[in-house]
There are 2 protein chains.
Amino acid sequence: MFQILRDGRPRTRSELAEQMGLARSTVTLRIEALMELGLVGFVNDAVSTGGRPSSRIALKAGSKVVLGVDIGASHLQVAVTDLTGHILQQSARSIEITQGPDVVLQAVVELGSKLLIDSGRVLTDLLAIGIGVPGPVEHRTGRPINPPIMPGWNGYDVPGYLQRHFHVPVLVDNDVNIMALGERNVAWPKVDNLVFVKVATGIGAGIVSSGMLQRGADGVAGDIGHIRVHGGTGVPCHCGNQDCLEAVASGPAVASKLRSLGLEASTGEDVVRLVGEGSTGAIHAVRQAGRDVGEVLSACVSLINPSVIVIGGSMALTGEQFIAGIREMVYSRTIPLATQHLQIVQSSSGPNAGVLGASMLAIHHAMSPHRIDAMVLGLS
Amino acid sequence: MFQILRDGRPRTRSELAEQMGLARSTVTLRIEALMELGLVGFVNDAVSTGGRPSSRIALKAGSKVVLGVDIGASHLQVAVTDLTGHILQQSARSIEITQGPDVVLQAVVELGSKLLIDSGRVLTDLLAIGIGVPGPVEHRTGRPINPPIMPGWNGYDVPGYLQRHFHVPVLVDNDVNIMALGERNVAWPKVDNLVFVKVATGIGAGIVSSGMLQRGADGVAGDIGHIRVHGGTGVPCHCGNQDCLEAVASGPAVASKLRSLGLEASTGEDVVRLVGEGSTGAIHAVRQAGRDVGEVLSACVSLINPSVIVIGGSMALTGEQFIAGIREMVYSRTIPLATQHLQIVQSSSGPNAGVLGASMLAIHHAMSPHRIDAMVLGLS
């Protein structure tokens, strides 16, 4: 129901029942539960219907809020959004994830509490919290599992810590997964098969298939950084293998190539700067990195058959040469049937993709049919 | 609801509501609709409850039947099954798919009608029909789209043809997709992330993620036959590229290698025979084909993170050397987190995987919550 109402357009019960493919009686029960909670309401449009009382229902976007939290390797961004994912207040600060969960989550509590006050809200207005972290997560429990760059976080009860302060459901997911949700919500709300690829210090993908985020059996679906690429020269990867995508096409990998050409570069940001300055060496290296990413994505296209691939992360900021390298390989290494409607584009949700996706994760959970039916049960 | 009841075990309304995560009122409406249609009923277990009338509900597996149809390049197999997918009657015959849809679908009508009679059923006992075909299908309409080995079938209204005779919903899908459904139902009913790989004349995969068959944006998800493998020697593929998986590891590709060694082989079946006879050349070639398939599946594991990969098709019958080659590459080319719970096994559903999967496709559709709610609507 929320999926349909979140565009803000009011609808009648019959319209909702038809669009949801459900019985009117089922829809009515859910609407009653949502009304009881103040999350939806009748629209005041007596004028347009000639004085008859309205029977059209709409989401009350501002009735409740959620917190979207994006925890990176060295940053923390928190936003308060309404029920359509519109950002009401947001804030960011530098913090090292290596300081461990107690320090970082305490900062989340402080920032989140302050933003709630700044947006004129109280704790009981909060419906749920969504969080992205830079590592694999057991989605069911919200615990990070063997996250390589998050010492001290393995198995940590992230929801438990935050629930002691906020008393609402807490959903935790991998940062690339929540960026995929954020990008989809902002730019591709009607696309059911989308892959978001982050190319930065690491390389990973968030996969939306059949309209659902796909996490796989162990929560590591989309972990494409260690797929081997062709034509590698035996570049060692930190995982123990050679010629992994991450070892040849990540920001630091391309920077390392540029250093061997005598250019000054150590991060993806340096690569972006050199491309901006028109360095031929950098442009060539970025094009090749695009081809390497494209080779892996050609397998992704054959397997998953998405209609949109979004490229994000710092390396995406190098611009058209990078995307062109990706397209070159994807279109040359796949069957036409899989690419006839495929678009490969740069991310448009920008630095807010993380918090927006995290807020969507929270909203989807809070407004899911199962949760709503649980409310129906509670009220009946 | 069907997903829960199909194991045959009776359950109370409360048990159903809890397992479905739905309100009891919603569950009651659905049960009433299914009872009205005779698909579920109260269990006669007054003895076990001490004379009190039973309130436990179970699927009436034999109340209705479906047809499962597996159309191959040169064969047709049809089965009548009950609502748990148990085969009541089945039959197969040789027919060339190149004879076109009118000839092949007429044979489906004849075989299906005969099997209904043989199982003592009438047309009104039939709930739905599921069909697998060896090519890409637009699932929504049931029309094959540019299927390479099915001349005359492009855009053909398969459901329309069969509905003129059977007057029930007709679901059409790619044959590897339905084999994935069949294998899951027979051997892995509790696994939500499973990949079925068919290695025969062609190579393709059926992908179940989050418990759902994934078809992708254009219905060609799992089309892995044209992913490029490493270490190829420029083997030309019929798709126009080189070193595609299908060009190096399919039955005919391995047979062709064996011919160059002076062995007599032209199909996957010949390869199976030579391996059975202990030919060292054949065993080596099969092991390498396994490695090539495994290389592609390592990308699949990184992307999709399944917990089970099932290997089927004629090449799977070559046995342990083939599977060992696959495992060798998958475990060496992926991160441990993605493979810690992964099983790679030979198909166990055998030649019936197709009709069983097709019958599941039909049952799932006929018993889906949307359909049941539509019945609720019709009855209210």
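What you see is a predicted model, and the numbers here were worked out from it, not measured in a lab.

**Thoughts on the overall build of chain A**
In step 1: Check the secondary structure of chain A and you find 14 helices and 14 strands.
In step 2: Scaling as 2.2 N^0.38, a compact globule of 380 residues should have a C-alpha radius of gyration of about 21 Å, and chain A matches this with 22 Å.
In step 3: Based on the C-alpha atoms only, the size of chain A along its principal axes is roughly 75 × 50 × 40 Å.
In step 4: The buried share of chain A, reckoned over its 380 residues, is 58%.
In step 5: Within chain A, residue pairs in contact and separated by at least 24 positions form 60% of the contacts whose partners lie at least 6 positions apart.
In step 6: Carbon and sulfur atoms make up 53% of the accessible area of chain A, which amounts to about 14,700 Å² in all.

**Remarks on the domain arrangement of chain A**
Bring the parts together and some accessible area is lost; that lost area is often taken as the interface size.
In step 1: What the domain assignment reports for chain A is domain 1 (2-59), domain 2 (65-168 + 353-379) and domain 3 (181-348).
In step 2: One C-alpha centre belongs to domain 1 of chain A, the other to domain 3 of chain A; they are set 42 Å apart.

**Here's the deal with the sheet that holds strand S3 (residues 65-71) of chain B**
Residues and elements named next belong to chain B.
In step 1: Spatially, 5 strands are ordered S5-S4-S3-S6-S9 in an open sheet, and the strand pairing comes out mixed. At either margin of the open sheet sits one strand with a lone partner, and together these are strand S5 (87-94) and strand S9 (170-174). This sheet shows a mean twist of 15 degrees between the axes of neighbouring strands, independent of strand direction.
In step 2: Pairing analysis gives 6 bridges linking S3 to strand S4 (residues 75-81), with the strands arranged antiparallel. Considered in S4, the bridge of Val69 is made with Val78.
In step 3: Along the sheet, helix H4 (residues 101-118) contacts S3, S4, S5 and strand S6 (126-133); its crossing angle with S4, the most-contacted strand, is approximately 30 degrees.
In step 4: Sheet strands touched by helix H5 (residues 158-166): S3, S6 and S9. Its angle to S9, the strand with the most contacts, is close to 145 degrees.

**A closer look at the interface of chain A and chain B**
In step 1: Taken together, the contact pairs 56 residues of chain A with 56 residues of chain B.
In step 2: With both sides pooled, the region where chain A packs onto chain B buries about 4,700 Å², and carbon together with sulfur makes up 56% of that total.
In step 3: Viewed at the interface, chain B and chain A are joined by 0 salt bridges.
In step 4: Our count for the contact surface shared by chain A and chain B stands at 24 residue pairs in polar contact (both at pLDDT 80 or more).
In step 5: Counting only elements with at least two residues in the side of chain A that touches chain B, the list comes to helix H3 (24-36), strand S11 (203-209), strand S12 (212-214), helix H10 (280-304), helix H12 (336-339) and helix H14 (369-379) of chain A.

**A short note on the pattern of salt bridges**
In step 1: Tallied over the entire structure, the rule returns 24 salt bridges over all chains.
In step 2: Between Asp125 of chain A and Arg121 of chain A there is a salt bridge; the shortest N-O distance is 3.9 Å.
In step 3: Its salt-bridge partner being Arg291 of chain B, residue Glu328 of chain B comes within 2.8 Å of it at the nearest N-O pair. Of this pair, Glu328 of chain B sits in helix H11 (residues 320-332) while Arg291 of chain B is found in helix H10 (residues 280-304), placing the two residues 37 residues apart along the sequence.
In step 4: Looking at Glu328 of chain B, the relative accessible area reads 33%, which means it is partly exposed.

**A word on the nonpolar core**
In step 1: By size, the foremost hydrophobic cluster in this structure holds 90 residues, and its most contacted members are Ile224, Leu297 and Ile311 of chain A together with Ile224, Leu297 and Ile311 of chain B.
In step 2: Here Ile311 of chain B is in contact with Val197, Leu297, Ala316, Phe322, Ile323, Ile326, Ile344, Val345, Gln346 and Ser347 of chain B, once residues within four sequence places are set aside.

**Things to note about the sheet that holds S11 of chain A**
Residue and element names in this part refer to chain A.
In step 1: On the basis of which strands lie adjacent, the open sheet formed by 5 strands has the order S12-S11-S10-S13-S14 and mixed pairing. In the strand order of this sheet, the two ends are held by S12 and strand S14 (343-346), each with one partner. Between one strand axis and the next, the sheet turns through 25 degrees on average, direction left out of account.
In step 2: Against the sheet, helix H11 (residues 320-332) touches strand S10 (194-199), strand S13 (308-312) and S14, its axis set at about 165 degrees to S14.

**Some points on the relation of the copies chain A and chain B**
In step 1: At an RMSD of 0.0 Å, chain A and chain B line up after a rotation of 180 degrees and a shift of 0.0 Å along the axis. Classification of the inter-copy transformation places it as that of a two-fold axis.
In step 2: Looking at chain A, 100% of its interface residues are interface residues in chain B too, so the copies touch through the same face.

**As for the pairing of strand S3 (residues 65-71) of chain A**
All names here are of chain A.
In step 1: Burial runs high along S3: 7 of the 7 residues are buried.
In step 2: Residues Val65, Leu67, Val69 and Ile71 line one face of S3 and the alternating positions Val66, Gly68 and Asp70 line the opposite face, and both faces are buried.
In step 3: Sheet topology places S3 next to strand S6 (residues 126-133); 6 bridges connect them, and they run parallel. Across the sheet, the residue bridging to Leu67 is Ile129, located in S6.
In step 4: As consecutive antiparallel partners, S3 and strand S4 (residues 75-81) are separated by 3 residues.

Rules behind the numbers
Residues numbered from 1 in each chain as written. Chains lettered and ligands numbered in written order. Predicted model: local features only at pLDDT ≥ 70, side-chain atom pairs only at ≥ 80, totals over all residues. Heavy atoms only, no water. Helix = DSSP H or I, 4+ residues; strand = E, 2+ residues; numbered from the N terminus. Rg over C-alpha atoms; globule rule 2.2 N^0.38 Å. Buried < 20%, exposed > 50% of the residue type's maximum accessible area, 1.4 Å probe, protein only. Contact = heavy atoms within 4.5 Å. Areas by Shrake-Rupley, 256 points an atom, 1.4 Å probe, with all protein chains shown as cover. Domains from an automatic or database assignment. Pairing = 2+ DSSP bridges. Axes fitted to C-alpha atoms, helices over the stretch in contact; angles between N-to-C directions. Buried area = accessible area lost by both parts, 1.4 Å probe. Salt bridge = Lys/Arg side-chain N within 4 Å of Asp/Glu carboxyl O. Polar contact = N/O pair within 3.5 Å; in protein donor to acceptor, adjacent residues only side chain to side chain. Core = buried A, V, L, I, M, F, W, Y, C linked by side-chain atoms within 4.5 Å. Least-squares fit on C-alpha atoms with pLDDT ≥ 70 in both.

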